[in-house]
Amino acid sequence: MNMEDGLCLTLGLPGRNEPDTESCYKNNNNNNNNKRSQPEYNDDSIESKGSSIAKESDMDTAPAPKSQVVGWPPVRNYRRINFQAKKVETESGIYVKVSMDGAPYLRKIDLKVYKGYPELLKALENMFKLTIGYKGSEYAPTYEDKDGDWMLVGDVPWEMFIVSCKRMRIMKGSEAKGLGCNV
Amino acid sequence: MSKNSTSIAGSGPGSGTGDYFTPYPDEVLENVLENVLVFLKTRRDRNAVSLVCKSWYRAEAYTRSDLFIGNCYAVSPQRVLNRFKRIRSVSLKGKPRFADFSLVPADWGAHFTPWASAMASGYRALEKIYLKRMSVTDDDLAMIAHSFANLKELVLVCCDGFGTGGLSVIVSQCRNLRVLELNEDEVSDDEIDWISCFPSEGTSNLESLCFDCVECAINFDALERLVARSPLLKKLRLNRYVSIGQLYRLTLRAPQLTHLGTGSFGQFEGDNQELDSRASFAACKSVVCLSGFREIAPEYLPMIYPVCANLTSLNLSYANINAEQLKPVIRQCHKLQVFWALDSIGDEGLEAVADTCKDLRELRIFPLNPSENAEGLVSEVGLLAISIGCRKLESILYFCQRMTNAAVVAMSENCPNIIVFRLCIIGRYRPDRITGQPMDEGFGAIVKNCKKLTRLAISGLLTDQAFSYIGQYGKLVRTLSVAFNGDSDTGLKYILEGCVSLQKLEIRDSPFGDMGLQSGLHHFYNMRFVWLSSCRVTRQGCLDIATRLPKLVVEVFRRDEEEGGERDDFVETLYMYRSLDGPRADAPQFVKIL
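Here the structure is a predicted model, which means the values were calculated and not measured.

## Concerning the overall build of chain A
No. 1: Looking only at helices and strands, one finds four helices and five strands in chain A.
No. 2: Order of helices (α) and strands (β) in chain A, N terminus to C terminus: α-α-β-β-α-β-β-α-β.
No. 3: A buried classification covers 45% of the 183 residues belonging to chain A.
No. 4: When the accessible area of chain A is evaluated, it comes to approximately 10200 Å², of which 49% is carbon and sulfur surface.

Right, dumping it as structure tokens:
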């Protein structure tokens with residue numbers, strides 16, 4: 001759906017102007033422009049080559065190297081790649097509560113079951129008998145992250161989302177205006 | 001063993017007691033020698049023998065069956081074939097070790113092809129091929145399959161350039177194949193069902209099948225049938241595309257296994273297998289070496305309890321488990337000699353290892369998160385615990401974020417049998433966590449107290465003093481790895497002048513330059529190779545060495561394959577090695593040979 005008229009609901013931070021040509025639900029690991037950086041997922045751990053921005057150590061006398069460090073620490077590539085996968089796979093089921101404004105009781109869903117945002121939203125739509133994301137919808141899916149902040153679902157890469165999401169809330173009404181999602 | 005000839009040298013016809021007539025002393029001697037030399041297996045002994053005199057040289061060359069070439073460019077295939085005629089087993093190593101860490105461009109070299117072609121005509125009876133860090137193509141594998149009818153063992157370690165297509169040719173054509181081991185190779189997925197290409201009729205002679213590094217799905221039914229008809233199969237290492245349910249089925253088929261790589265050790269979607277968790281590993285009464293756990297579901301770990309008491313080797317280095325998950329397992333592993341794990345087990349996990357594994361010889365702890373900014377999960381606490389609990393330790397590889405001299409000194413005193421000491425403090429230039437001092441004293445203690453030390457890798461904040469210690473005490477050190485250490489050329493000078501046994505020297509990102517390098521002129525011919533990258537060596541300095549030592553091949557290159565090999569004023573990578581046959585003909589454009 002196009003967004004140029006500003007009335008369409010998109011899943012992005014309010015006030016963002018650039019056209020979202022790429023669906024934000026695409027399952028990609030790249031950090032998009034407006035993402036907040038999560039401390040545990042800095043470039044160091046995602047890059048498979050292990051290059052990292054040189055960091056000055058506390059009491060050293062040597063100058064910080066000017067360029068990124070390839071091949072350090074000396075760990076072979078296939079061992080590095082495994083690390084990413086492990087963060088998610090060792091948990092058996094990630095159950096989070098989902099509340100919807102106005103609904104009498106909460107539901108619980110297993111985030112591990114879904115491969116990405118599109119499936120998740122579809123499941124929520126089925127569960128709560130509503131439609132998220134078409135023009136005029138007043139619903140916005142939000143979640144509470146590990147820091148206790150309420151965030152809009154869809155900003156961060158999927159893998160990051162499922163490990164940081166503690167619970168979800170489907171917002172409705174005036175709070176939801178300007179937010180929403182673009183499936 | 002043929003009969004002992006007792007004929008006396010020089011005796012005339014009719015007086016000898018042997019079956020043959022040998023009038024000449026030299027021939028007698030050679031025949032006797034050949035019969036004796038058959039018993040000499042080690043390279044060192046054979047090399048010594050070959051130096052005695054021409055006749056001994058000939059006899060040795062005639063009877064050598066195992067060929068080991070530590071650097072494929074040190075000698076040409078033709079020279080090898082001219083000297084040794086009856087080789088049954090070949091071991092060949094190619095790329096420098098730093099290629100493992102992306103420091104060598106992909107097309108640098110170490111091609112197996114010229115060796116394959118030469119041996120195809122010269123060593124038709126070849127039975128065993130062992131290759132490490134070589135570029136092996138599918139065509140090479142096809143050539144192997146077609147040329148060596150007697151091939152029994154093929155072991156490829158850290159190789160690349162081939163795929164499942166090449167594998168399919170090997171397994172279908174090599175009818176005598178007993179051992180196929182793929183270890184940390186990069187194998188391309190040619191979408192060929194290579195497992196099905198093993199001969200499908202009759203019993204197979206397969207003793208070892210290791211394909212844990214092959215990153216593509218396999219035909220499980222074909223694998224199960226293969227295992228079922230391989231009564232001699234002792235080693236089986238599965239890749240991560242084999243689920244725990246499938247693993248279970250395989251162990252029922254092969255209760256005689258001694259070495260097992262468990263594959264994923266997790267469940268796949270749609271895997272409805274009702275697992276009788278106690279039964280499956282109880283069937284494997286002979287398993288002494290366990291590895292795999294590529295995508296472990298930790299709740300299944302108790303399945304291995306029945307085999308723990310017999311284990312001498314356990315590799316959990318792909319399993320992100322914590323101390324609590326490790327303890328119930330490790331507490332039963334009283335016989336463990338080799339243990340590999342991730343630092344996710346923490347200092348607490350290491351303490352548990354130290355408590356139980358009194359026979360431990362080799363420990364490797366890899367970082368879960370290989371980044372300088374990561375939280376340190378193991379520290380000097382774990383190292384100290386190991387040193388106290390595992391006195392028989394011989395080999396250690398330990399990644400950590402911080403370390404103290406005290407812990408390293410303690411290890412040097414508690415574990416005098418250490419032969420390999422590789423400590424990697426991931427944060428570069430990090431000093432002693434508690435005192436703020438450089439790590440000189442710790443490494444100094446290691447070289448001083450561990451009198452059998454032959455391999456050393458250093459890290460952390462180190463001054464030239466550390467190198468002084470290494471040069472002074474490291475008389476048996478053959479392999480030394482240096483990274484982001486040292487103050488000046490003096491450090492390198494200490495090493496090259498002091499370490500008389502040094503064979504392999506690899507240094508990166510350290511302030512060593514031409515002057516330091518010069519101090520090794522007397523020794524470079526005795527070494528297998530010297531690697532210096534991102535140091536302060538100039539082109540002129542390298543040229544000097546090349547001129548003074550004509551039998552040394554001096555290669556200069558840049559990782560990004562820019563021609564010339566220099567970055568600013570210095571050479572980016574210097575890789576030099578002795579060679580009997582001069583510079584190699586297959587050097588790519590970006591490699592400059594001086």
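Back to the text.
## What to know about the overall build of chain B
No. 1: Of regular secondary structure, chain B possesses 20 helices and 25 strands.
No. 2: Here chain B has a C-alpha radius of gyration of 26 Å; the compact-globule value for 594 residues is 25 Å, and the two agree.
No. 3: Projected onto its principal axes, the C-alpha coordinates of chain B cover approximately 80 × 65 × 50 Å.
No. 4: A total of 594 residues make up chain B; the buried ones form 57% of that total.
No. 5: The contacts of chain B with a sequence gap of at least 6 include a subset with a gap of at least 24, amounting to 70%.
No. 6: Accessible area for chain B stands at about 23900 Å²; split by element, carbon and sulfur atoms hold 49% of it.
No. 7: Charged side chains in chain B number 67 positive and 71 negative. The centres of these two groups are separated by 7 Å.

## Observations regarding the sheet that holds strand E2 (residues 107-110) of chain A
Residues and elements named next belong to chain A.
No. 1: With mixed pairing, the five strands of this open sheet are ordered in space as E2-E1-E5-E3-E4. Looking at the sheet topology across the chains shown, the edges are occupied by E2 and strand E4 (150-152). Along the sheet, successive strands turn relative to each other by an average axial angle of 35°, direction set aside.
No. 2: As defined by bridge partners, strand E1 (residues 95-100) adjoins E2 across four bridges and the pair is classed as antiparallel. Of the residues in E2, the one forming a bridge with Val96 is Ile109.
No. 3: On the sheet, helix H3 (residues 117-128) packs against E1, E2, strand E3 (139-144) and strand E5 (167-172) and is oriented at approximately 155° with respect to E2.

## Overview of the environment of B:Gly263
No. 1: Along the chain, B:Gly263 turns up in the loop between strand E10 (259-262) and helix H10 (277-282).
No. 2: The residues touching B:Gly263, leaving out its near neighbours within four places in the chain, are B:Leu238, B:Asn239, B:Arg240, B:Val242, B:Gly292, B:Phe293 and B:Arg294.

## Considering the packing of aromatic side chains
Residues and elements named next belong to chain B.
No. 1: Throughout the structure, instances matching the rule amount to 23 aromatic pairs over all chains.
No. 2: Pairing Tyr429 with Phe484 gives two aromatic rings, centres 6.0 Å apart and planes at 85°, and the pair type is edge-to-face. Linking Tyr429 in the loop between strand E16 (420-425) and helix H16 (440-449) with Phe484 in the loop between strand E18 (479-483) and helix H18 (489-498), this pair joins segments that are 55 residues apart in sequence. There is no split in this pair, since Tyr429 and Phe484 are both buried.
No. 3: Taken together, the ring pairs connect Tyr73, Phe98, Phe101, Trp108, Phe529, Trp531, Phe557, Tyr575, Tyr577 and Phe590 into an aromatic cluster.
No. 4: Taking NZ or CZ as reference, Arg86 lies 4.4 Å from the ring centre of Tyr62, over its face.

## Notes on the nonpolar core
No. 1: Membership of the largest hydrophobic core comes to 174 residues, with the highest contact counts inside it found for B:Phe112, B:Phe265, B:Leu314, B:Phe339 and B:Phe421.
No. 2: For B:Leu314, the contacting residues outside a window of four places in its chain are B:Leu290, B:Phe293, B:Val329, B:Ile330, B:Cys333, B:Leu336, B:Val338, B:Phe339 and B:Trp340.
No. 3: Counting residues in hydrophobic clusters, the runner-up holds 27 residues, among them A:Met100, A:Met151, A:Phe161 and A:Cys165.

## Overview of the pairing of E3(A)
Residues and elements named next belong to chain A.
No. 1: Most of E3 sits inside the fold, with six of its six residues counted as buried.
No. 2: Side chains of E3 alternate between two faces, with Tyr139, Pro141 and Tyr143 and Ala140, Thr142 and Glu144 buried alike.
No. 3: Across three bridges, E3 lies against E4 in antiparallel orientation. Paired with Thr142 across the bridge in E4 is Leu152.
No. 4: What sits between the antiparallel neighbours E3 and E4 is a turn of five residues, in which Gly148 has the positive phi angle 90°.

## Quick word on the pattern of salt bridges
No. 1: Under the definition given, this model contains 36 salt bridges over all chains.
No. 2: The residue A:Arg167 makes a salt bridge to A:Glu144 at a minimum N-O spacing of 3.4 Å. One end of the pair, A:Arg167, is in strand E5; the other, A:Glu144, is in strand E3, and 23 residues separate them in sequence.
No. 3: For A:Arg167, a relative accessible area of 40% gives the class partly exposed.
No. 4: Judged by relative accessible area, which is 11%, A:Glu144 ranks as buried.
No. 5: With a shortest N-O distance of 3.9 Å, B:Arg249 and B:Asp221 are connected by a salt bridge. Here the residue B:Arg249 occupies a position in helix H9 (residues 244-253), and B:Asp221 occupies one in helix H8 (residues 220-228), the gap between them amounting to 28 residues.
No. 6: A cluster of three or more residues bridged by salt bridges with shared partners is formed by A:Arg76, B:Asp100, B:Arg133 and B:Glu184.

## Thoughts on the packing of helix H15 (residues 405-414) of chain B against H16(B)
Residue and element names in this part refer to chain B.
No. 1: Running from N to C, H15 and H16 cross one another at 5°; their axes reach a closest spacing of 7 Å. In terms of their interaxial angle, H15 and H16 are classed as roughly parallel. Here Asn405, Val408, Val409, Ser412 and Glu413 of H15 come into contact with H16, specifically with Asp440, Glu441, Gly442, Phe443, Ala445, Ile446 and Asn449.
No. 2: Taken together, the residues that form the contact of H15 with H16 break down as five nonpolar, four polar and three charged.

## What to know about the environment of B:His522
All names here are of chain B.
No. 1: Here His522 is to be found in the loop between helix H19 (514-518) and strand E20 (529-533).
No. 2: The spacing of His522 and Arg178 is 344 residues in sequence and 45 Å in space, taken between C-alpha atoms.
No. 3: With sequence-adjacent residues up to four places away left out, His522 is seen in contact with Leu496 and Glu497.
No. 4: A distance of 3.1 Å separates a polar atom in the side chain of His522 from the backbone oxygen of Ser519.

## Structural notes on helix H6 (residues 138-147) of chain B
No. 1: Within H6(B) the residues assigned to the buried category are B:Asp140, B:Leu141, B:Ala142, B:Ile144, B:Ala145 and B:Ser147.
No. 2: Looking at the buried residues of H6(B), the elements they touch are helix H5 (113-122), strand E3 (128-132), strand E4 (153-157), strand E5 (162-163) and helix H7 (164-173) of chain B.

Scoring rules and cut-offs
- The residue count restarts for each chain, going from 1 along the sequence in the order it is written.
- As they are written, the chains are lettered A onward and the ligands numbered 1 onward, keeping that order.
- Given that this is a predicted model, residues contribute local features only at a pLDDT of at least 70 and side-chain atom pairs are listed and counted only at 80 or more, while totals for whole chains, interfaces and linings are drawn from all residues.
- Note: side-chain values were computed over all heavy atoms of the structure, leaving out hydrogens and water.
- Each helix is a run of DSSP H or I of at least 4 residues and each strand a run of E of at least 2, with the numbering of both proceeding from the N terminus.
- Remark: exposure states derive from per-residue accessible area (1.4 Å probe, protein chains only) relative to the maximum for the residue type, with buried under 20%, exposed over 50%, and partly exposed in between.
- Note that accessible areas follow from Shrake-Rupley with a 1.4 Å probe, and for residues the cover is restricted to the protein chains shown.
- Atoms counted for the radius of gyration: C-alpha only. Globule rule: 2.2 Å times residue count to the power 0.38.
- Every residue pair with non-hydrogen atoms within 4.5 Å of one another is taken to be in contact.
- By the counting rule applied here, Lys and Arg register as positive and Asp and Glu as negative, while His and the ends of each chain are not counted.
- Where a charge lies is defined by one atom per residue type: Lys uses NZ, Arg uses CZ, Asp uses CG and Glu uses CD.
- Note on pairing: DSSP must find at least two bridges between two strands before they are called paired.
- Helix axes use the C-alpha atoms of the stretch in contact, all axes being lines fitted to C-alpha atoms, and the angles between their N-to-C directions lie in the range 0 to 180 degrees.
- Think of it this way: a Phe, Tyr or Trp ring, Trp meaning its six-membered ring, pairs with another when their centres are within 6.5 Å, and the plane angle makes it stacked under 30 degrees, edge-to-face over 60, tilted otherwise.
- Criterion for a charge above a ring: Lys NZ or Arg CZ within 6 Å of the ring centre, and within 35 degrees of the ring normal.
- Buried Ala, Val, Leu, Ile, Met, Phe, Trp, Tyr and Cys residues form a nonpolar core when they are joined through side-chain atoms within 4.5 Å.
- Note on definitions: salt bridges are taken to be side-chain nitrogens of Lys or Arg within 4 Å of carboxyl oxygens of Asp or Glu.
- In these notes the angle categories are as follows: under 35 degrees is roughly parallel, over 145 is roughly antiparallel, 65 to 115 is roughly perpendicular, and the rest is oblique.
- In this classification, Asp, Glu, Lys and Arg are treated as charged, Ala, Val, Leu, Ile, Met, Phe, Trp, Tyr, Cys and Pro as nonpolar, and every other residue, Gly included, as polar.
- Here a polar contact means two N or O atoms within 3.5 Å. Within protein one must be a hydrogen donor candidate and the other an acceptor candidate, and residues neighboring in sequence count only if both atoms are side-chain atoms.

By themselves, these are just geometric observations and shouldn't be taken as functional.
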